[in-house]
Amino acid sequence: DTEVTQTPKHLVMGMTNKKSLKCEQHMGHRAMYWYKQKAKKPPELMFVYSYEKLSINESVPSRFSPECPNSSLLNLHLHALQPEDSALYLCASSQGGQGGNEKLFFGSGTQLSVL
Amino acid sequence: AQTVTQSQPEMSVQEAETVTLSCTYDTSESNYYLFWYKQPPSRQMILVIRQEAYKQQNATENRFSVNFQKAAKSFSLKISDSQLGDTAMYFCAFMKSPSYDKVIFGPGTSLSVIP
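All values reported here derive from a predicted model rather than from experimental measurement. (Residues numbered from 1 in each chain as written. Chains lettered and ligands numbered in written order. Predicted model: local features only at pLDDT ≥ 70, side-chain atom pairs only at ≥ 80, totals over all residues. Heavy atoms only, no water.)

Visitor: Tell me what's going on with the packing of aromatic side chains, and back it up with residues and numbers.
Guide: For the structure on display, the rule yields 15 aromatic pairs over all chains. Geometrically, the ring pair formed by Tyr33(A) and Tyr35(A) is stacked, given 6.3 Å between the ring centres and 25 degrees between the ring planes. The burial state of Tyr33(A) is the same as that of Tyr35(A); both residues are buried. Summarising the aromatic geometry, the rings of Tyr37(B) and Phe105(B) are spaced 6.1 Å apart at their centres and angled 55 degrees between planes, so their arrangement reads as tilted. Of this pair, Tyr37(B) sits in strand β5 (residues 32–39) while Phe105(B) sits in strand β11 (residues 103–105), and the two are 68 residues apart along the sequence. No difference in accessibility class separates Tyr37(B) from Phe105(B), as the two residues are buried. In this structure an aromatic cluster arises from ring pairing among Tyr33(A), Tyr35(A), Phe106(A), Tyr33(B), Phe35(B), Tyr37(B), Phe91(B) and Phe105(B). (Phe/Tyr/Trp six-rings, centres within 6.5 Å; stacked < 30°, edge-to-face > 60°. Buried < 20%, exposed > 50% of the residue type's maximum accessible area, 1.4 Å probe, protein only. Helix = DSSP H or I, 4+ residues; strand = E, 2+ residues; numbered from the N terminus.)

Visitor: How would you sum up empty space enclosed by the protein? Please name residues and give values.
Guide: All told, the structure shown has one cavity of 30 Å³ or more when counted by the stated rule. Every residue lining the largest cavity is listed: His29(A), Arg30(A), Met32(A), Tyr49(A), Tyr51(A), Glu52(A), Cys68(A) and Ser71(A). (1 Å grid on protein atoms, 1.4 Å probe; cavity = no way out; pocket = protein on both sides within 12 Å on 5 of 7 lines; lining within 4 Å. Points joined across faces, edges and corners; volume = space filled by probe spheres on them.)

Visitor: Just give me the short version of the pattern of salt bridges, but keep the residues and values in it.
Guide: Residues and elements named next belong to chain B. This structure, assessed with the given rule, holds six salt bridges over all chains. Between Glu52 and Lys55 there is a salt bridge whose closest N-O contact spans 3.7 Å. For Asp86, the salt bridge is made with Arg63, and the minimal N-O distance between the two is 2.8 Å. Taken together, the residues span a long stretch of sequence, with Asp86 in the loop between β9 (74–79) and β10 (88–96) and Arg63 in the loop between β7 (60–61) and β8 (64–69) at a distance of 23 residues. Accessibility classification places Asp86 together with Arg63 in one group, the buried group. If you follow the salt bridges from partner to partner, you end up with Arg50, Glu52 and Lys55 in one network. (Salt bridge = Lys/Arg side-chain N within 4 Å of Asp/Glu carboxyl O.)

Visitor: Run through the interface of chain B and chain A, naming residues and quoting values.
Guide: Reports often express the size of an interface as the amount of accessible area lost when the parts come together. Contact with chain B, which involves 22 residues of that partner, is made by 33 residues of chain A. Taken together, the connections running from chain B to chain A amount to six residue pairs in polar contact (both at pLDDT 80 or more). Breaking the side of chain B that touches chain A down by element, the ones donating at least two residues are β5, β6 (46–52), β10 and β11 of chain B. Looking at the side of chain B that touches chain A, the element that brings in the most residues is β5(B), giving four residues. Grouping the constituent residues of the side of chain B that touches chain A by class yields 13 nonpolar, four polar and five charged. (Contact = heavy atoms within 4.5 Å. Polar contact = N/O pair within 3.5 Å; in protein donor to acceptor, adjacent residues only side chain to side chain. Nonpolar A, V, L, I, M, F, W, Y, C, P; charged D, E, K, R; others polar.)

Visitor: I'd love a proper account of unusual backbone geometry, names of residues and values included.
Guide: The amide bond that connects Thr7(A) to the next residue, Pro8(A), takes the cis arrangement and shows omega of -10 degrees. If you trace the backbone, Pro8(A) turns up in the loop between β1 (4–7) and β2 (10–13). The backbone of Glu52(A) shows a phi angle near 65 degrees, a positive value even though the residue is not glycine. Within the secondary structure, Glu52(A) sits in the loop between β5 (44–50) and β6 (53–57). Phi is positive for Arg43(B), close to 75 degrees, though the residue is something other than glycine. As for its placement among the helices and strands, Arg43(B) is situated in the loop between β5 and β6.

Visitor: An account of the state of the cysteines is needed here, citing residue identities and associated values.
Guide: Applying the stated criterion across every chain, the model contains two disulfides over all chains. Disulfide pairing places Cys23(A) opposite Cys91(A) at an S-S distance of 1.9 Å. The chirality of the disulfide connecting Cys23(A) with Cys91(A) is left-handed, given an S-S dihedral of about -70 degrees. Residue Cys23(A) is located in strand β3 (residues 18–25), and its partner Cys91(A) is located in strand β9 (residues 87–94); the two are separated by 68 residues in the primary sequence. Assessed through its relative accessible area of 0%, Cys91(A) is described here as buried. Residue Cys23(B) pairs covalently with Cys92(B) via a disulfide, S to S 2.0 Å. The disulfide joining Cys23(B) to Cys92(B) has a torsion of about -70 degrees about its S-S bond and is therefore left-handed. Here Cys92(B) lies in strand β10 and Cys23(B) lies in the loop between β3 (19–21) and β4 (24–26), a separation of 69 residues in the sequence. Of the two residues, Cys23(B) and Cys92(B), both sit in the buried class. Of the cysteine sulfurs around Cys68(A), a residue in no disulfide, the closest is that of Cys23(A), at 9.3 Å. (Disulfide = S-S within 2.5 Å.)

Right, here's the structure in full:
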């Protein structure tokens, strides 16, 4: 299994809603990432988890709350979002460490619209 | 801090022709990985090719090859026999080794293959 699975594929939410994005991988990868991508722009890193611990937070607003319940799962909890948060949210994973075969595996993303 | 630059925002190529996309990067690291990722209209990020900095030999994957010039910090992608399915955004990316760190993406090059 070389897939990163993201759910849902599409999400529409109001500014007062609470929702969660889910990401799952079963490749034994030790690093997992959340990226935000606007149309025609590169992915922007939000968070990195390594060995289930948050290792990088790129000064993301607190209305985005990541969670890594176990080594295969990564969640992104959303609360009180703004319309400018509408974007494609990509999850990725990588082997991590000095395995010599490093690359990012991406999920297909969640297209989020905030009304 | 690492930076990745792609100087060609848009390019086009006739079907079956060859095209080269440019990428330069800046880093003080000695060990790292470089990638080209493709993002078609479906927005799925697909790894095209990967290069390890300590390897002198340029990576190749079927119709895709790179010209890696470590001293010049240059990493260009050559696509031979261009196909309509190659139409996509192409992102050059940098990852430190060992990883558990951010992957830095360039701004992207939008490639159109013309029939």
